[in-house]
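Each chain, written out:
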Amino acid sequence: MSQNEQRKNRIQGSRKGRLCGPQSLLLGRLNVAPSDTPFQLPAPRNLKVHLYNAQQALSWEPVSLNNDTRPVVYQVQYKYSTSSTWYDVNRKDSRVDCTNLTGTECNFTANSLSEGFPRHFNITLRLRAKLGDLVSAWVKAPWFEHYRNATIGPPEDIWVTPEEGSLIISFSSPFDVPASVAFFWYYVYYWEKGGSKQVTHRFRSNFITLNDLKPLRVYCFQLKAELFLAKENISRPGHLSNISCSETAVDASTKLQQVILISVGTFLLLSVLVGACLFLVLKYRGLVKYWFHSAPSIPSQIEEYLKDPAQPILDALDKDSSPKDDAWDSVSIVSFPENKQEDILQNTLNQSTDPSHQPVEGGP
């Protein structure tokens, strides 16, 4: 029988109990240990199936051997609840090889909806240890159906846009689901910082606008996703996201008030600064004048003398002085004895009052 025919028979066998969705089944080679094989290794313990959003993994505790240093490898197989056949989880069909693992985890998370285990099928896993020709007994993990047993995380990629008295919140779903099988309901818990918590009605879109909020107030919120299985009418509540806070924007009237207040405040501040500067200049004008007064310069004659100290200073001054600078006015000083000064002053007064000394009109 060809490999394609074997794959077809496995798919048909798995559909006996329920119909298969758009996902492809994880198929591998039939590998069942003979019933008469002696078990010479201890079996792995504490098997756990980890299901978080789209993640799927099986983990276990390692098998330890005291008398052998060779590494123990592990083999994982699976089967559907509608089939009695076990298949290896190998790279050929499932893109992950869990047939000879040296670690203690088999991560079979699918990269897309068309890969991996169908999320609405019951899956059972089993595990055994191998060391050369030695094997352990098979150990089964609890069966699971991903949509029923997975832990639903909060919405991701949360983005907030503040508006006038509102907040626009956009986000992405925790993981992709086929619309024909399941979808997400979303809730937003929000509150004004320091106020009471409110919750929105459930919605399906990836954004929501919180209206009727106060402007310039800080609001905090949390998002929650709820997975709803359409055919079974079953919901799986998810976890709340971390608390995020954002301040709402101002409306037109508040913005105008802010502009006016800023303008008035700026004008008053500039007025105070200008007044303070004038006051300081007037109070300390002497000191300011001293700071800004230029230092006296040395006359050129003194500079020449300093350059050539052998030259007489008076000759240097006379050499550079011009005739215009040496112009002199004559002043005569006449001195008399004190009694003679009084006689001269009296004679001068008499002459000024004598009519004979006054000019006569009409001729000599």
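As shown above, the structure is provided for reference.
Residues numbered from 1 in each chain as written. Predicted model: local features only at pLDDT ≥ 70, side-chain atom pairs only at ≥ 80, totals over all residues. Heavy atoms only, no water.

Undergrad: With reference to specific residues and values, describe the side chain of Glu-145.
TA: The residue Glu-145 is located in strand 9 (residues 144-145) in this model. A polar side-chain atom of Glu-145 sits 3.0 Å from a polar atom in the side chain of Arg-148. (Helix = DSSP H or I, 4+ residues; strand = E, 2+ residues; numbered from the N terminus. Polar contact = N/O pair within 3.5 Å; in protein donor to acceptor, adjacent residues only side chain to side chain.)

Undergrad: Could you give me a rundown of the side chain of Ser-136, with the residues and numbers involved?
TA: Summarising the element assignment, Ser-136 is placed in the loop between strand 7 (134-135) and strand 8 (139-140). We classify Ser-136 as buried; its relative accessible area is 0%. A polar contact of 2.8 Å, which involves the side chain of Ser-136, links it to the backbone nitrogen of Ala-129. (Buried < 20%, exposed > 50% of the residue type's maximum accessible area, 1.4 Å probe, protein only.)

Undergrad: Kindly report on the sheet that holds strand 2 (residues 55-61), identifying the contributing residues and their values.
TA: Spatially, three strands are ordered 1-2-5 in an open sheet, and the strand pairing comes out antiparallel. With one partner strand each, in any of the chains shown, strand 1 (45-52) and strand 5 (105-107) form the two edges of the open sheet. Averaged over all pairs of adjacent strands, the angle between strand axes in this sheet comes to 10 degrees, irrespective of strand direction. Pairing between strand 2 and strand 5: three bridges, direction antiparallel. Within the sheet, the bridge partner assigned to Ser-59 lies in strand 5 and is Glu-105. (Pairing = 2+ DSSP bridges. Axes fitted to C-alpha atoms, helices over the stretch in contact; angles between N-to-C directions.)

Undergrad: Break down empty space enclosed by the protein for me, with residues and values.
TA: According to the stated counting rule, one finds one cavity of 30 Å³ or more in the structure shown. One number sums up the size of the largest cavity: a volume of about 40 Å³. In this structure, the largest cavity is lined by Ala-54, Gln-56, Thr-109, Ala-110, Glu-115, Gly-116, Phe-117 and Arg-119. Here the lining of the largest cavity is built from residues that sort into three nonpolar, three polar and two charged. (1 Å grid on protein atoms, 1.4 Å probe; cavity = no way out; pocket = protein on both sides within 12 Å on 5 of 7 lines; lining within 4 Å. Points joined across faces, edges and corners; volume = space filled by probe spheres on them. Nonpolar A, V, L, I, M, F, W, Y, C, P; charged D, E, K, R; others polar.)

Undergrad: How would you sum up the state of the cysteines? Please name residues and give values.
TA: Tallied over the entire structure, the rule returns two disulfides. With its sulfur 2.0 Å from that of its partner, Cys-220 forms a disulfide with Cys-245. Residues Cys-220 and Cys-245 are joined by a disulfide whose S-S torsion is about 95 degrees; by sign, that bridge is right-handed. Taken together, the residues span a long stretch of sequence, with Cys-220 in strand 15 (residues 218-229) and Cys-245 in strand 17 (residues 244-247) at a distance of 25 residues. On the basis of relative accessible area, Cys-220 is assigned to the buried category, the value being 4%. Taken in N- to C-terminal order, the disulfide-linked cysteines of the protein chain are connected 1-2, 3-4. (Disulfide = S-S within 2.5 Å.)

Undergrad: So what's going on with the pairing of strand 3 (residues 73-80)? Which residues, and what values?
TA: By the criterion of burial, strand 3 is predominantly enclosed, with eight of the eight residues buried. Every second residue of strand 3 is oriented toward a common face, with Val-73, Gln-75, Gln-77 and Lys-79 on one face and Tyr-74, Val-76, Tyr-78 and Tyr-80 on the other, all of them buried. In terms of strand pairing, strand 3 meets strand 6 (residues 122-131) through eight bridges, oriented antiparallel. Across the sheet, the residue bridging to Gln-75 is Arg-128, located in strand 6. Where strand 3 lies against strand 4 (residues 87-88), two bridges are found, and the strand directions are antiparallel. Residue pairing in the sheet places Tyr-78 in a bridge with Tyr-87 of strand 4. Remark: six residues form the turn of the hairpin made by strand 3 and strand 4, two consecutive strands paired antiparallel.

Undergrad: How would you sum up the pattern of salt bridges? Please name residues and give values.
TA: Scanning the model with the defined rule gives four salt bridges in all. The salt bridge partner of Arg-148 is Glu-145, with a shortest N-O separation of 3.0 Å. The buried category is assigned to Glu-145, whose relative accessible area is 2%. Linking Glu-192 and Lys-214 is a salt bridge whose minimum nitrogen-to-oxygen distance equals 3.9 Å. Note that Glu-192 is positioned in strand 12 (residues 182-192) and Lys-214 in the loop between strand 14 (207-210) and strand 15, a separation of 22 residues in sequence. The class of Glu-192 is partly exposed, set by a relative accessible area of 22%. On the basis of relative accessibility, which here comes to 41%, the residue Lys-214 falls in the partly exposed class. Sharing partners across several salt bridges, the network here consists of Glu-192, Lys-214 and Arg-217. (Salt bridge = Lys/Arg side-chain N within 4 Å of Asp/Glu carboxyl O.)

Undergrad: Break down the environment of Trp-143 for me, citing the residues and quoting the values.
TA: Relative to the helices and strands, Trp-143 resides in the loop between strand 8 and strand 9. By relative accessible area, which is 52% here, Trp-143 ends up exposed. As a C-alpha pair, Trp-143 and Asn-122 span 21 residues in sequence and 6.5 Å in three-dimensional space. The contact partners of Trp-143, leaving out residues within four places of it in the chain, are Asn-122, Ile-123, Thr-124 and Asn-149. (Contact = heavy atoms within 4.5 Å.)

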